[in-house]
Structure formats: C-alpha cells, structure tokens
Amino acid sequence: MTDAMLTLLKYIRAETGNEPSQTEVADALQSYFILNEIGNQIKFQRKKQVPLSPSESASKDPFWKMNMKAGPPKNSLVRVGLFDENIQEALFAVKRFVKDSGAAEPNEAEIALSLKSSFILSEIKSQIDWQRNNQQKS
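Residues numbered from 1 in each chain as written. Predicted model: local features only at pLDDT ≥ 70, side-chain atom pairs only at ≥ 80, totals over all residues. Heavy atoms only, no water.

Q: Which residues make up the overall build of the chain, and what are the values?
A: Each helix and strand in the chain was counted, giving seven helices and zero strands. Taken across its 138 residues, the chain has 41% of its residues classed as buried. Within the chain, contacts between residues at least 6 apart in sequence are counted, and of these 79% link residues at least 24 apart. With an accessible surface of roughly 8100 Å², the chain has 52% of that area assigned to carbon and sulfur atoms. (Helix = DSSP H or I, 4+ residues; strand = E, 2+ residues; numbered from the N terminus. Buried < 20%, exposed > 50% of the residue type's maximum accessible area, 1.4 Å probe, protein only. Contact = heavy atoms within 4.5 Å. Areas by Shrake-Rupley, 256 points an atom, 1.4 Å probe, with all protein chains shown as cover.)

Written out as structure tokens, the structure is:
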C-alpha cells in the first residue's frame, strides 16, 4: 500500500506541480465517483485475473523503507509507510463500497494494484484538482 500511495503522490506532483496532502488524497478516495471507479477497477482485475507480484500478495519487504528526500515535509511519514488516520478511513470506505456493491471484499493488494492503474491515478488527480479549485472559489 505504501508503494501505491507513493506512486499516487508522485503522479499528482508530476501532473500538477504540487504534491497532495494526505487529507486531499483521503477526501478524493472517499468521493463516490472514485469509490465507484476503484470498485470497477478491482472487478476488472479479478475478471482478468491480474497476477499479483510476490511483493503485492505477501509483503516480504523490509519493515522500514526510508525515502525521506523530495516532497513537502507534510508527507515525510508516508515515505516510511505511516499514514494519517483519514487514509485508513478512506481505505476502509473503499473496502466497504466494493463489498456493498456485491463483490467480495478486496484485500490490500487488490486496492494497491487498482490505485497504481493509470486510469485511477488520472481520476484521483482530477478529483484533487476539482477539490483545490473549489477551495479557492470559497
């Protein structure tokens, strides 16, 4: 999941020039549109039976992954795999949404794989852009 979040942060920073905060990511993940698209992506992955790499299916990576360089200090903890509570709530919302839509509850690897898809990355970026523009208008 850490790699998926870092991919998301890096993609949004590359596309917008401004790395999102964890709050922005959590808010985007909990929007109905994004929940629906992630659910569709997970169902697509299951239908296509996208194989999970060993690191995605069972984490055998070292416990600590340090990548403290680049990016604003507000996201330094993400680089070591520590997330704000709102990210956890957003991921639970994704699990609930997929389960409530009639599919089996997704595991963390399925969610992470869906978050790394180019379509989902693009949609989350658009959602964060929309959130930022609406804040500026307020």
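Read on for the rest.
Q: Before we move on, could you go through helix α5 (residues 85-100) and cite the residues and values that matter?
A: Relative to the 22 Å expected for 16 residues at 1.5 Å per residue, α5 spans 22 Å between its end C-alpha atoms, a close match to the ideal helical length. Among the residues of α5, Asn-86, Ile-87, Ala-90, Leu-91, Ala-93, Val-94, Phe-97 and Val-98 are the ones counted as buried. Relative to the axis of α5, the buried residues are bounded by an arc of 150 degrees and lie together on one face. For α5, exposure combined with an orientation more than 90 degrees from the buried face picks out Glu-85 and Asp-100. Once α5 ends, the next one or two residues include Gly-102, with phi positive near 105 degrees. (Expected span 1.5 Å × (residues − 1). Arc of directions from axis to C-beta.)

Q: How would you sum up the confidence of the model for the chain? Please name residues and give values.
A: Segments scoring low in pLDDT should not have their predicted coordinates read at a detailed level. Scored by pLDDT, the chain comes out at a mean of 83, with 75% of its residues at no less than 70. When the criterion is pLDDT under 50, residues 54-58 qualifies, and its contacts beyond four places in sequence or with other chains add up to six contacts. Low pLDDT, under 50, characterises residues 62-68; the stretch is placed with nine contacts to residues that sit more than four places away or in other chains. (pLDDT = per-residue confidence, 0-100.)

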